[in-house]
Amino acid sequence: MPESEPTRPRRLLPSESAPAAGAEPGTAPPAAPAPADRKRRPSGDEARGRAMLAAIDAIAEKGAAAVRMSDIAARAGMSTGHILYHFGKKDRLLLEVLAWSEADLGARFQQAADEAATPAEKLALFVRFYLPRHQGDERYALWTQVLAQRHDDVGRRVLTELSEVWEERLEAILVEGRALGVFADVDPPEFVIRAVAMLNGLSGDVMFGRPRWQHASANAFALAALERELRPTARA
């Protein structure tokens, strides 16, 4: 599922820390930023943007757990001290990269959903964008790394908002389908809790490499389960 692989969003500001639905998705920049001219100290925004792009490159190559601040600094053409100055520590940088990745993914989902003709098509898109595409999915690997860290109130709030925005997208699809009579009259908040719990469990299975998903589609399994629950019952 290529939709779940993070691209490097060029149209998002480096200072953004929460997804922005509906934004035009960016295109991928070159594989690695050009080395900086060390005679000229980059401005704050420029340095942060360069560090973010370098972090995405480093995480894609090494994985979130193995990447070091020095790896990011080398790709950004900056010193490790300069990276630490802007982000303080690796945990904070990973959190911002995750938010940036989720903003890009959310924008691409919203564009696809806006072009979908029916709530059923939007539901299929939601499942496809939500689940990891394979065991080494970079976005989910980053989620795992970030969630494993100890966070302050700000970090917990960012992670909560990143999760809740997907729940709100699913609830909006459900409400639209109920209004059109194509989905069963289920309670939206309760359905979202059940659906997200199932999707998270399947995501963990895929990332863990459970053999059952080597010859079967977790995407198809999840969508079929949600469709069964949302199938309207015949009325007398």
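If you're wondering where the values come from, they're calculated on a predicted model, not measured in any experiment.

Scoring rules and cut-offs
- Numbering of residues starts from 1 in each chain and follows the order in which that chain's sequence is written.
- Thresholds applied to this predicted model are a pLDDT of at least 70 for local features of residues and 80 or more for the giving and counting of side-chain atom pairs; totals over whole chains, interfaces and linings are not thresholded and use all residues.
- With hydrogens and water excluded, all non-hydrogen atoms of the structure serve as input to the side-chain values.
- The way it works is that DSSP assigns letters per residue, a run of H or I at least four long becomes a helix, a run of E at least two long becomes a strand, and they are numbered from the N terminus.
- The buried label goes to any residue with under 20% of its type's maximum accessible area, the exposed label to any with over 50%, and the partly exposed label to all in between, with areas taken from a 1.4 Å probe on protein chains only.
- The criterion used for residue contact is that any of the two residues' heavy atoms lie within 4.5 Å.
- What makes a nonpolar core is a set of buried Ala, Val, Leu, Ile, Met, Phe, Trp, Tyr and Cys residues whose side-chain atoms join them at distances within 4.5 Å.
- Take the number of residues in a helix, subtract one, and multiply by 1.5 Å to get its expected span.
- Relevant arc is that of directions from the helix axis to the C-beta atoms, nothing else.
- Polar contact is the term for a pair of N or O atoms within 3.5 Å; when the atoms are in protein, one must be able to donate a hydrogen and the other to accept it, and sequence-neighboring residues count only if both atoms are side-chain atoms.
- The salt bridge definition used is simple: a Lys or Arg side-chain nitrogen within 4 Å of an Asp or Glu carboxyl oxygen.
- Only centres within 6.5 Å qualify two rings of Phe, Tyr or Trp (six-membered ring in Trp) as a pair; their planes then separate them into stacked at under 30 degrees, edge-to-face at over 60, and tilted for everything else.
- Whether a charge sits over a ring comes down to the Lys NZ or Arg CZ being within 6 Å of the ring centre and within 35 degrees of the ring normal.

## Here's the deal with the overall build of the protein
Okay, step 1: Looking only at helices and strands, the protein has nine helices and zero strands in total.
Okay, step 2: Put simply, the protein runs from its N terminus to its C terminus through helices and strands in the order α-α-α-α-α-α-α-α-α.
Okay, step 3: Relative to its 236 residues, the protein shows a buried fraction of 47%.
Okay, step 4: In the protein, 69% of the contacts between residues at least 6 apart in sequence involve partners at least 24 apart.

## Some details on helix H2 (residues 69–76)
Okay, step 1: Most of H2 is tucked away, with six of its eight residues classed as buried.
Okay, step 2: Three or more residues of H2 are buried, namely Met69, Asp71, Ile72, Ala73, Arg75 and Ala76.
Okay, step 3: Two residues or fewer past H2, Gly77 is found with a positive phi of approximately 70°.

## Examining the nonpolar core
Within soluble globular proteins, side chains that are nonpolar generally end up buried alongside one another.
Okay, step 1: Counting residues in each nonpolar core, the largest one holds 35 residues, and the members touching the most others are Phe109, Leu123, Phe126, Trp166, Leu170 and Phe191.
Okay, step 2: Among the elements of the structure, helix H4 (90–115), helix H5 (119–130), helix H7 (153–180), helix H8 (188–208) and helix H9 (218–230) are those that each provide at least two residues to this core.
Okay, step 3: The biggest single contributor to this core is H8, with eight residues.
Okay, step 4: Look past the residues within four positions of Trp166 in its chain and what remains in contact with it is Glu102, Leu105, Phe109, Phe126, Phe129 and Tyr130.
Okay, step 5: If you look at the next biggest cluster of nonpolar residues, it comprises 30 residues, including Ala64, Leu94, Leu95 and Val146.

## Details of H9
Okay, step 1: The terminal C-alpha atoms of H9 lie 18 Å apart, and with 13 residues this matches the ideal 18 Å at 1.5 Å per residue to within 8%.
Okay, step 2: Along H9, the positions that sit buried rather than exposed are Ala218, Ala222, Leu223, Ala225, Leu226 and Leu230. End-on view of H9: buried residues confined to an arc of 160°, all on one side of the axis.
Okay, step 3: Buried residues belonging to H9 abut H5, H7 and H8.
Okay, step 4: The residue sitting at the N-terminus of H9 and contributing the capping side-chain oxygen is Ser217; that oxygen lies 3.3 Å from the backbone nitrogen of Asn219.

## A short note on the pattern of salt bridges
Oppositely charged side chains are able to pair whenever their charged atoms sit close together.
Okay, step 1: Counted under the stated rule, the structure contains eleven salt bridges.
Okay, step 2: Salt-bridge contacts for Arg75 lead to Glu61; the nearest nitrogen and oxygen are separated by 2.3 Å. Placement of Arg75 in helix H2 and of Glu61 in helix H1 (residues 44–62) is noted, with a sequence separation of 14 residues between them.
Okay, step 3: Residue Arg75 is classed as buried on the basis of its relative accessible area of 18%.
Okay, step 4: Arg178 serves as the salt-bridge partner of Asp185, at 2.4 Å between the closest nitrogen and oxygen.
Okay, step 5: Note on Asp185: relative accessible area 63%, which makes it exposed.
Okay, step 6: A cluster of three or more residues bridged by salt bridges with shared partners is formed by Asp205, Arg210 and Arg212.

## Some words on the packing of aromatic side chains
Okay, step 1: Within the structure shown, the criterion is met by seven aromatic pairs.
Okay, step 2: Both rings, one in Tyr130 and one in Trp166, keep their centres 6.0 Å apart while their planes meet at 85°; by these two values the pair is edge-to-face. With a gap of 36 residues between them, Tyr130 in helix H5 and Trp166 in helix H7 connect regions that are remote in the sequence. We note that Tyr130, like Trp166, is buried.
Okay, step 3: Taken together, Phe109, Phe126, Phe129, Tyr130 and Trp166 form an aromatic cluster joined through their ring pairs.
Okay, step 4: In this structure, Arg169 is placed above the aromatic ring of Trp166, and the distance from its NZ or CZ to the ring centre is 4.4 Å.

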